[in-house]
Amino acid sequence: MAIFEIKHLTFSYPEAEKRALSDITLSVKEGEFVVLCGASGCGKSTLLRHFKTVLTPHGDRTGERLFKGDPLDAVSERRQSGEIGYVLQNPDNQIVTDKVWHELAFGLESLGYDNATIRLRVAEMASYFGIQDWFKKNVTELSGGQKQLLNLASIMALQPDLLILDEPTSQLDPIAASDFLGTIKKINRDLGTTVILSEHRFEEVLPGADRAVVMDGGRIVAADTPRRVGDELEAMGHDMFVAMPAPMQIVAGVGKNQATEPSARKDDSPFPWPITVREGRRWLDQWLSGRKVDHRALPERTASEQQTEDKAPVVTMKEVWFKYDRTLPDVIRGLTLNIVPGEMFCIVGGNGTGKSTTLKLISGLVRPYRGKIKIMGKPVKGFDRETLYQQILGVMPQNPQSLFIKKNVELDLYEMLEEKKIPIEEKDDRVDEVIALTHLEDLLARHPYDLSGGEQQRLALAKILLMKPQVLILDEPTKGLDNHYKLELGEILKHLQKEQGVTIIMVSHDVEFCARFADRCGLFFDGNLVTTGSPRAFFSGNSFYTTSANRMSRHCFENAVTAEDVIALCKMNTQQK
Amino acid sequence: MEDAFSTYHPVINFFYFAVVLLFSMFFNHPAFLGISLIGAVIYSLVLLGIRRSLKFNLVGMLPMLLLVALINPLFNHGGVTIIGYWPTGNPITMESIVYGVVMAVMFIEVIVWFACYNTIMTSDKFIYLFGRVIPALSLILSMVLRFVPKFKTQLKIITQGQQCIGRDIHSGNFFRRARNGIHILSIMITWALENAIDTADSMKARGYGLKGRTSFSIFTFDTRDKIVGAVMLVLFISVCGGIIGGLAYASYNPIIRFSAFTPLSISVYTAYLAFCLMPVCVDIIEELQWRSLKSSI
């Protein structure tokens, strides 16, 4: 039985020319796990907001929405509050009260349950989600992952039949995200709650999903099991295919027809696309069996690396020690690091290992209690702030919103040059240059807060670049971005590096991004760099902390870290034959 | 040390502090003063631990006691027992010195009691108590307590972000600093308003605004709360009786007079002492019970 049905839903925001949703028809069965995919701005969030009356945006709407057979607008708000749960993107903003237990009870209080019932439900939820240990804590003491889990638990306390999640993990680090998604799957499996989830970590969610719905430009382009959707997207040559898991992309890149003999397949059954790394490995084994494998490794990019090694380093850290307070433990322990001009250096590693603190140290926001930090051969504290921040360093904050001041993008860019005593023409030139570089042309009249996450990131980058920094420092630049925006950001950074010789230092959880774009990667652990190396050498040396393409291919290829690498190696081996 | 009294029902906690604070503030009979001071200091020793409490009492309170006690005779020259003259010719009287000490003791008592109050009456207890009276207020208080730290963190993030583009509130001339400060504030306000939309959505999605909202609490009124409450009430009533009977009367100017120590008044003071030491007694009883449990295991 369908729990929720949408029939021919068309919607446009007031005064918008384009339709946000056009002719959406979707039926969600009871107990189903549906994953909604699509690039940012494709209408995913708008569609999800139509599943609940109080969250439905204002605008022109036609079409029908049915919840358990009743028109949604006729279902009372009380019933909707209890039966349809909704988890939003930002873990912090959803928390209303100061104590964990109060937050858990919030929805139940609204629905007017008595104390005994609330006590029971809250207790149940705290036990199910493993919250007992921090039940009486203040919400400010929780980590991002715990906060999002609390949001989920406080919704689940209402015992909803339908759970809607709008990119719930986009602000979390990979480990917390994978825990969270695991909990969602568990809820779906154990309680039979219907789940509709929009997400861009497909590798995590697709394996467990009953159905993947792909949206583009406000329409549904494909809605089927993940494997079939992969098939359809590939057949269409759709952009969204870049968002699919690495194994799928590798298969598409190598060519699926060569993989299995046509005789082994029935004509109407879909191609068994590998979704997980395990399936990918199996596919690769099959593909390689019967082939002579001459090429096991890609040639290293040696030339450029040796070049850079001769130059004087732009940032040096020598045996740096740091702690936030005398009584607190050391965060950075004897860190030594050299960054050569023009390279892109990525620091990866777990939470709380001191990655972000390292960036703070380099940018002079905090000072070490032992050791030396030099920028261009001069100690950081020797610089006056103006030269340091407006000519040498460009530091991009983790939250781009902390840079936006004006009411539209163009004004916001000019605002950055307000205090500079340079002629108007030069200001115009500089602004035009960064607009072209960061592809902001179409967004100039928009309010910074109306931009999507990826666009905000680009605007923040543009603002920083107006200062013409020589060293760019980025803290988690890919947080919350989908694959499409990540690639775009990566290309921009590469361009900066090549054309303007900018040195880039980056901290990231995103191993796929680092593998693809970095010149050198370093693994941070316990306040120090454990190893550094070129991405190929670095990631093929790790067995857990590495990309899925590498995990899929490490048993047959030596140093393939991105999907492209694997495809290239496969092709090299076919050409030989 | 985990204080046992703090695990009692908020009503009990609040009743206790309301009584001791009011009595400390309004009655300056030496017996009341002495008892209150002893009670407050002992309880702070139990709550804050010996080291912190001694530091707080000796380093913070003792100089204040001396200061207040000295200031009074400087300005107050009333009283019949003259013991000397200031260089200005004004008399120094014994009454004004004594009254200075009395005021200082009162002052310190209240501060020490409040230090104890802050450790025991956490925000959630306060919210719970006042939420009973005005339910809407309890949610608002809870939200305020949620948003103040949140905004503080965000302000720090924004300040650092601005600092990294060379806009510091600590350097440059006055106008520049003021402008940078206003920038930070402006970013902060935009951020707060934009993100409040999410919070509003999250509240609506969980049915906020429906009729008949209840107020959940994790507190229960047990038998032990009843017992302790009853004991406290009996003590309170007997002390009140004594006060109404004029046993707390004291006057320091122009001559020092206070109600005499009689068997009746001493029993009232004992009741007050018992009241003040209630939490400490509860702690001790709990501790003894633990010991006996442990030894029986």
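Residues numbered from 1 in each chain as written. Chains lettered and ligands numbered in written order. Predicted model: local features only at pLDDT ≥ 70, side-chain atom pairs only at ≥ 80, totals over all residues. Heavy atoms only, no water.

### Details of the overall build of chain A
In terms of helices and strands, chain A carries 22 helices and 20 strands. Taken over the C-alpha trace, chain A has a radius of gyration of 26 Å; the compact-globule value for 577 residues is 25 Å, and the two agree within 12%. Counting only C-alpha atoms and orienting by the principal axes, one finds that chain A spans roughly 70 × 65 × 50 Å. Relative to its 577 residues, chain A shows a buried fraction of 55%. Long-range pairs, those at least 24 residues apart, make up 68% of the contacts in chain A with a sequence separation of at least 6. Looking at chain A as shown, the accessible area adds up to about 24,200 Å², and 48% of this sits on carbon and sulfur atoms. Charged side chains of chain A number 71 positive and 80 negative; the gap between the two group centres comes to 5 Å. (Helix = DSSP H or I, 4+ residues; strand = E, 2+ residues; numbered from the N terminus. Rg over C-alpha atoms; globule rule 2.2 N^0.38 Å. Buried < 20%, exposed > 50% of the residue type's maximum accessible area, 1.4 Å probe, protein only. Contact = heavy atoms within 4.5 Å. Areas by Shrake-Rupley, 256 points an atom, 1.4 Å probe, with all protein chains shown as cover. Lys, Arg positive; Asp, Glu negative; His and termini not counted. Charge placed at Lys NZ, Arg CZ, Asp CG, Glu CD.)

### What about the pairing of strand β17 (residues 471–475) of chain A?
Residue and element names in this part refer to chain A. For β17, the buried fraction is high: 5 of the 5 residues fall into the buried class. Of the two faces of β17, the one holding Val471, Ile473 and Asp475 and the one holding Leu472 and Leu474 are both buried throughout. Pairing geometry for strand β16 (residues 393–396) and β17, over 4 bridges, is parallel. If you follow leucine 393 over to β17, its bridge partner there is valine 471. Pairing analysis gives 5 bridges linking β17 to strand β18 (residues 503–507), with the strands arranged parallel. (Pairing = 2+ DSSP bridges.)

### A few points about the domain arrangement of chain B
Under the domain assignment, chain B is made up of domain 1 (5–121 + 222–296) and domain 2 (132–205). Put simply, the middle of domain 1 of chain B and the middle of domain 2 of chain B, counted by C-alpha atoms, are 41 Å apart. (Domains from an automatic or database assignment.)

### Some details on the environment of phenylalanine 202 of chain A
Residues and elements named next belong to chain A. The residue phenylalanine 202 is located in helix α8 (residues 202–205) in this model. We classify phenylalanine 202 as buried; its relative accessible area is 2%. Separated by 233 residues in the primary sequence, phenylalanine 202 and isoleucine 435 have C-alpha atoms spaced 31 Å apart.

### Remarks on the side chain of glutamate 455 of chain A
All names here are of chain A. Among the structural elements, glutamate 455 can be located in helix α17 (residues 453–465). This buried residue, glutamate 455, is left without a salt bridge; arginine 446 holds the nearest opposite charge, at 4.2 Å. Those residues in contact with glutamate 455 that sit more than four places away from it in its chain are Leu440, Leu443, Arg446 and Tyr485. (Salt bridge = Lys/Arg side-chain N within 4 Å of Asp/Glu carboxyl O.)

### A closer look at the sheet that holds strand β6 (residues 84–87) of chain A
All names here are of chain A. Strand order across the open sheet formed by 6 strands is β6-β7-β8-β3-β9-β10, with mixed pairing between neighbours. The open sheet has two edge strands with one neighbour each: β6 and β10 (219–224). Strand-to-strand, the axes of this sheet are offset by a mean angle of 15 degrees, without reference to chain direction. Inspection of the sheet shows strand β3 (residues 33–37) paired to strand β9 (residues 211–216) by 4 bridges, in the parallel sense. By the bridge assignment for β9, valine 35 is matched with alanine 212. Packing of helix α9 (residues 226–236) onto the sheet brings it into contact with β9 and β10, and relative to β10 it is tilted by some 135 degrees. (Axes fitted to C-alpha atoms, helices over the stretch in contact; angles between N-to-C directions.)

### Here's the deal with the packing of helix α2 (residues 30–48) of chain B against helix α9 (residues 263–276) of chain B
Residues and elements named next belong to chain B. α9 packs onto α2 with a crossing angle of 20 degrees between their chain directions and a minimal axis gap of 9 Å. Classified by the angle between their axes, α2 and α9 sit roughly parallel to one another. In this structure, α2 crosses over α9, and the sense of that crossing is right-handed. Residues Ala31, Phe32, Ile35, Ser36 and Gly39 of α2 pack against Tyr269, Tyr272, Leu273 and Cys276 of α9. Class assignment for the residues of the contact of α2 with α9 results in 7 nonpolar, 2 polar and no charged. (Parallel < 35°, antiparallel > 145°, perpendicular 65-115°, else oblique. Left-handed = near helix turned anticlockwise from the far one by under 90°. Nonpolar A, V, L, I, M, F, W, Y, C, P; charged D, E, K, R; others polar.)

### With respect to the sheet that holds strand β5 (residues 70–71) of chain A
Residues and elements named next belong to chain A. Strand order in the open sheet made by the 4 strands is β2-β1-β4-β5, with antiparallel pairing throughout. In the strand order of this sheet, the two ends are held by β2 (21–29) and β5, each with one partner. Bridge analysis of strand β1 (residues 2–12) against strand β4 (residues 60–67) gives 7 bridges, and the strand direction is antiparallel. Following the sheet pairing, serine 12 is matched in β4 by aspartate 60.

### Observations regarding the packing of helix α3 (residues 50–75) of chain B against helix α4 (residues 94–120) of chain B
Residues and elements named next belong to chain B. It is at 7 Å that the axes of α3 and α4 come closest, and there the two elements cross at 150 degrees. As summarised for this structure, α3 and α4 are arranged roughly antiparallel, according to the angle between their axes. α3 and α4 meet at a crossing whose hand is right-handed. Taken together, the residues of the contact of α3 with α4 break down into 18 nonpolar, 4 polar and no charged.

### Thoughts on the nonpolar core
Counting residues in hydrophobic clusters, the biggest one holds 125 residues, and the most contacted among them are Leu152 of chain A together with Tyr16, Phe17 and Tyr43 of chain B. Every residue in contact with leucine 152 of chain A, bar those within four places of it in the chain, is listed here: Val87, Phe129, Leu163, Leu165, Phe180, Thr183, Ile184 and Ile187 of chain A. (Core = buried A, V, L, I, M, F, W, Y, C linked by side-chain atoms within 4.5 Å.)

### A few points about a nonpolar patch on the surface
A contiguous nonpolar patch, built from Ile50, Leu54, Leu58, Val59 and Leu62 of chain B and spanning about 490 Å² of accessible area, is present on the exposed surface. Relative to the assigned elements, valine 59 of chain B resides in helix α3. (Patch = residues over 30% accessible without salt bridge, like charges linked within 9 Å, V, L, I, M, F, W, Y side chains within 5 Å.)

### Points about the pattern of salt bridges
Taken as a whole, this structure holds 29 salt bridges over all chains when the rule is applied. For glutamate 83 of chain A, the salt bridge goes to arginine 79 of chain A, with nearest N and O atoms at 3.3 Å. With a gap of 4 residues between them, glutamate 83 of chain A and arginine 79 of chain A both fall in helix α2 (residues 77–83), about one helical turn apart. Across the salt bridge formed by arginine 167 of chain B and glutamate 415 of chain A, the nearest N and O atoms sit 2.6 Å from each other. Here arginine 167 of chain B, found in the loop between α6 (135–163) and α7 (174–205), pairs with glutamate 415 of chain A, found in helix α15 (residues 409–416), and the two come from separate chains. The residues arginine 167 of chain B and glutamate 415 of chain A share a single accessibility class, namely buried. Because the salt bridges share partners, they merge into one network encompassing Lys68, Asp70, Arg79, Glu83 and Asp161 of chain A.

### Quick look at the interface of chain A and chain B
Across the contact, 62 residues belong to chain A and 56 residues belong to chain B. Here chain A and chain B share an interface that buries about 5,300 Å² over both sides, 53% of which is from carbon and sulfur atoms. Among the residues of chain A in contact with chain B, Asn93, Trp101 and Glu419 of chain A are the three that bury the most area, contributing 13% of the side total. In this structure, the connection of chain A to chain B is made through 5 salt bridges. (Buried area = accessible area lost by both parts, 1.4 Å probe.)

### Focus: the confidence of the model for chain B
Residues at a pLDDT of 70 or more form 99% of chain B, whose mean pLDDT is 86. Across the whole predicted complex the pTM is 0.82, and at the interface the ipTM reaches 0.83. (pLDDT = per-residue confidence, 0-100.)

### Some points on the confidence of the model for chain A
Any segment with low pLDDT has predicted coordinates that should not be analysed in fine detail. Residues with a pLDDT of 70 or more make up 95% of chain A, whose mean pLDDT is 86. Note that residues 259–267 of chain A has pLDDT below 50 and, in this model, 9 contacts with residues that lie over four places away or in other chains.

### Structural notes on α9 of chain A
Within the span of α9 of chain A, buried status applies to Pro226, Val229, Gly230, Asp231 and Leu233 of chain A. Among the structural elements, β9, β10 and α10 (246–254) of chain A are those in contact with the buried residues of α9 of chain A.

### Notes on the packing of aromatic side chains
Applying the stated criterion across every chain yields a total of 38 aromatic pairs over all chains. Ring geometry for phenylalanine 23 of chain B and phenylalanine 32 of chain B: centres 6.4 Å apart, planes at 75 degrees, overall edge-to-face. Exposure remark for phenylalanine 23 of chain B: the relative accessible area of 9% places this residue in the buried category. You can call phenylalanine 32 of chain B buried: its relative accessible area is 2%. Ring plane angle 75 degrees and centroid distance 5.7 Å describe the contact between phenylalanine 114 of chain B and tyrosine 117 of chain B, whose orientation is recorded as edge-to-face. Residue phenylalanine 114 of chain B and its partner tyrosine 117 of chain B are both found in helix α4; the two are separated by 3 residues, about one turn of the helix. On the basis of relative accessibility, which here comes to 36%, the residue phenylalanine 114 of chain B falls in the partly exposed class. Here tyrosine 117 of chain B falls in the buried class, since its relative accessible area comes to 14%. We note lysine 323 of chain A situated over the ring of tyrosine 369 of chain A; from NZ or CZ to the ring centre the distance is 5.3 Å. (Phe/Tyr/Trp six-rings, centres within 6.5 Å; stacked < 30°, edge-to-face > 60°. Lys NZ or Arg CZ within 6 Å of the ring centre and 35° of its normal.)

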